[in-house]
Every structure is written in structure tokens, then in C-alpha cells.
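# Fold and geometry: a report
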Amino acid sequence: MKVKVINRSKHDLPSYETEASAGLDLRANLDESFTLQPLERTLVKTGLFLEIPKGFEAQVRPRSGLALKKGITVLNSPGTIDADYRGEVGVILVNISQSPFVIEDGDRIAQLVFAEVSQAEWVVTEELTQTERGEGGFGSTGKN
């Protein structure tokens with residue numbers, strides 16, 4: 001899949017770090033560092049503008065190391081970038097730790113994963129096919 005990109009950041013384009021990587025690391029594009037206080041959220045710009053092919057989306061996901069080690073995650077995870085969006089890619093970060101976290105220009109703050117999507121066509125009905133699970137949800141299938 002080819003994705004058109006405008007890079008207005010001070011950084012190289014995101015790249016896959018290994019041959020089998022699913023995501024590309026997104027970097028903060030800042031004029032100055034910023035401290036994210038505990039339970040605070042902010043929008044961090046990347047300087048990237050995308051033209052995603054129709055039938056695909058880009059998902060903005062947390063970086064596991066930041067989440068585990070620092071308590072920094074993507075608030076609306078995964079964030080969806082639709083194929084018809086042409087604005088700058090931004091990442092909504094939240095600090096769920098008890099310590100302030102400094103975001104520096106060029107820090108890897110999230111990852112971007114491209115995925116194929118389908119659009120649904122509603123079929124209005126009065127009855128749904130019955131299943132063994134039925135209406136059970138939220139842990140109803142056991143604790144294994």
C-alpha cells in the first residue's frame with residue numbers, strides 16, 4: 001500500500017524498526033519540551049499529513065514501553081485517522097502515572113498501524129440469529 005505523506009516536521013519519516021514490525025513510531029514535533037502532569041492529557045503534533053487510500057485507516061496506538069515504564073498512553077486508543085482526513089496527525093497523550101513526564105522534541109510518543117476497513121450496510125430486522133452465548137457479555141464466558 002502506498003500512502004502519500006507531507007513531512008513538515010524536523011524529523012525523518014517514521015519507519016518500520018524491524019522486518020516484521022506492524023507499527024511505525026510517531027515522533028513529537030515540538031518547538032520546546034512540555035511536561036505532562038499526572039492525569040493530564042494533551043494533543044501532541046507530529047508534523048505529518050497523510051493521504052490514506054480509501055478502504056484503509058491509520059490507527060494511532062500506545063507504545064508499550066512508554067505505557068509500562070512511564071504510564072503514558074494514547075487516550076482514545078486506538079485513535080482512528082480516516083482516509084478522507086487531511087489535517088496534521090496529532091496524538092492525544094495522557095499521563096496515568098503519579099509522576100510528571102517530560103515530552104521532548106523527537107520523542108517517540110505512539111505508533112501508527114495501517115489497517116483495512118469495511119463499511120457496514122444496515123439490514124433492519126426484528127430478530128437476530130440465536131447463539132450459545134446469547135446476550136452474555138462483560139466476562140460471561142468465564143475466567144480462564
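Cut-offs and rules
- Positions within a chain are numbered from 1, following the residues in the order the chain's sequence is written.
- Local features in this predicted model are restricted to residues whose pLDDT is 70 or higher, and side-chain atom pairs enter the listing and the counts only when it is 80 or higher, whereas totals over whole chains, interfaces and linings include all residues.
- Each side-chain value is worked out from all heavy atoms of the structure, with water and hydrogens disregarded.
- Per the convention used, a helix needs a DSSP run of H or I reaching at least four residues, while a strand needs a run of E reaching at least two, with both numbered from the N terminus.
- A simple rule labels every residue: compare its accessible area, found with a 1.4 Å probe on the protein chains alone, to the largest value its type can have, and call it buried under 20%, exposed over 50%, or partly exposed in between.
- Accessible surface is estimated by sampling points in the Shrake-Rupley manner with a 1.4 Å probe; for residues, cover comes only from the protein chains shown.
- The charge count treats Lys and Arg as positive and Asp and Glu as negative. His and the chain ends do not count.
- A charge is said to be at NZ when it belongs to Lys, at CZ for Arg, at CG for Asp and at CD for Glu.
- Criterion used throughout: strands pair if DSSP finds at least two bridges between them.
- Note on definitions: angles span 0 to 180 degrees between N-to-C directions of axes, and those axes are lines fitted to C-alpha atoms, for helices only across the stretch in contact.
- Residues are treated as being in contact if the distance between any of their heavy atoms lies within 4.5 Å.
- We call a set of buried residues a nonpolar core when its members are Ala, Val, Leu, Ile, Met, Phe, Trp, Tyr or Cys and they connect through side-chain atoms within 4.5 Å of each other.
- Patch definition: residues with relative accessible area over 30% and no salt bridge; like charges joined within 9 Å; nonpolar side chains (Val, Leu, Ile, Met, Phe, Trp, Tyr) joined within 5 Å.
- Each salt bridge in this description consists of a side-chain nitrogen of Lys or Arg and a carboxyl oxygen of Asp or Glu lying within 4 Å of one another.

The number of helices and strands found in the protein chain is 1 helix and 10 strands. Projected onto its principal axes, the C-alpha positions of the protein chain cover 55 × 40 × 30 Å. With 144 residues in all, the protein chain has 33% of them scored as buried. Within the structure as shown, the protein chain displays about 10,500 Å² of accessible surface, and the carbon and sulfur contribution to it stands at 48%. Averaging the positions of the 16 positive and the 21 negative side-chain charges in the protein chain gives two centres separated by 5 Å.

On to the sheet that holds strand E7 (residues 79–81), then. If you walk across this open sheet you meet the 4 strands as E2-E10-E5-E7, and the pairing is antiparallel. The open sheet terminates on both sides in strands that have one partner only, identified here as strand E2 (24–27) and E7. The mean angle between the axes of side-by-side strands here comes to 35 degrees, regardless of whether they run parallel or antiparallel. In terms of strand pairing, strand E5 (residues 56–61) meets E7 through 3 bridges, oriented antiparallel. Counterpart to Ala58 in the pairing with E7 is Ile81.

Time to look at the environment of Gly55. Mapped onto the fold, Gly55 is located in the loop between strand E4 (41–51) and E5. For Gly55, a relative accessible area of 27% gives the class partly exposed. Separated by 61 residues in the primary sequence, Gly55 and Glu116 place their C-alpha atoms 5.9 Å from one another. Beyond its immediate stretch of four places on either side in the chain, Gly55 contacts Ala115, Glu116 and Val117.

Next up on the list: the nonpolar core. Side chains of nonpolar character tend, in soluble globular proteins, to be buried together. The biggest cluster of nonpolar side chains holds 25 residues, and the ones touching the most others in it are Leu26, Val60, Val91, Leu93, Ile103, Ile109 and Leu112. Those elements that provide at least two residues to this core are E2, E4, E5, strand E6 (72–74), strand E8 (88–95), strand E9 (101–103) and strand E10 (108–116). Other than its neighbours up to four places away in sequence, Leu93 contacts Leu36, Glu40, Arg41, Thr42, Val44, Ile72, Thr73, Val74, Ile103 and Ile109.

Following Ser77, the chain continues to Pro78 via a peptide bond in cis, the omega torsion being -10 degrees. With a phi angle near 65 degrees, Leu39 is a residue other than glycine that sits in the positive phi range.

The next point concerns the sheet that holds E4. Taken together, 4 strands build an open sheet; the order of strands is E1-E4-E8-E6 and the sheet is antiparallel. Each end of this open sheet is capped by a strand with a single partner; those strands are strand E1 (4–7) and E6. For this sheet the average axis-to-axis angle between neighbouring strands, irrespective of direction, equals 40 degrees. In terms of strand pairing, E4 meets E8 through 6 bridges, oriented antiparallel.

As a further point, take a nonpolar patch on the surface. On the surface, a nonpolar cluster with roughly 240 Å² of combined accessible area is contributed by Leu43, Leu75 and Ile92. Positionally, Leu75 belongs in the loop between E6 and E7. Exposure remark for Leu75: the relative accessible area of 45% places this residue in the partly exposed category.

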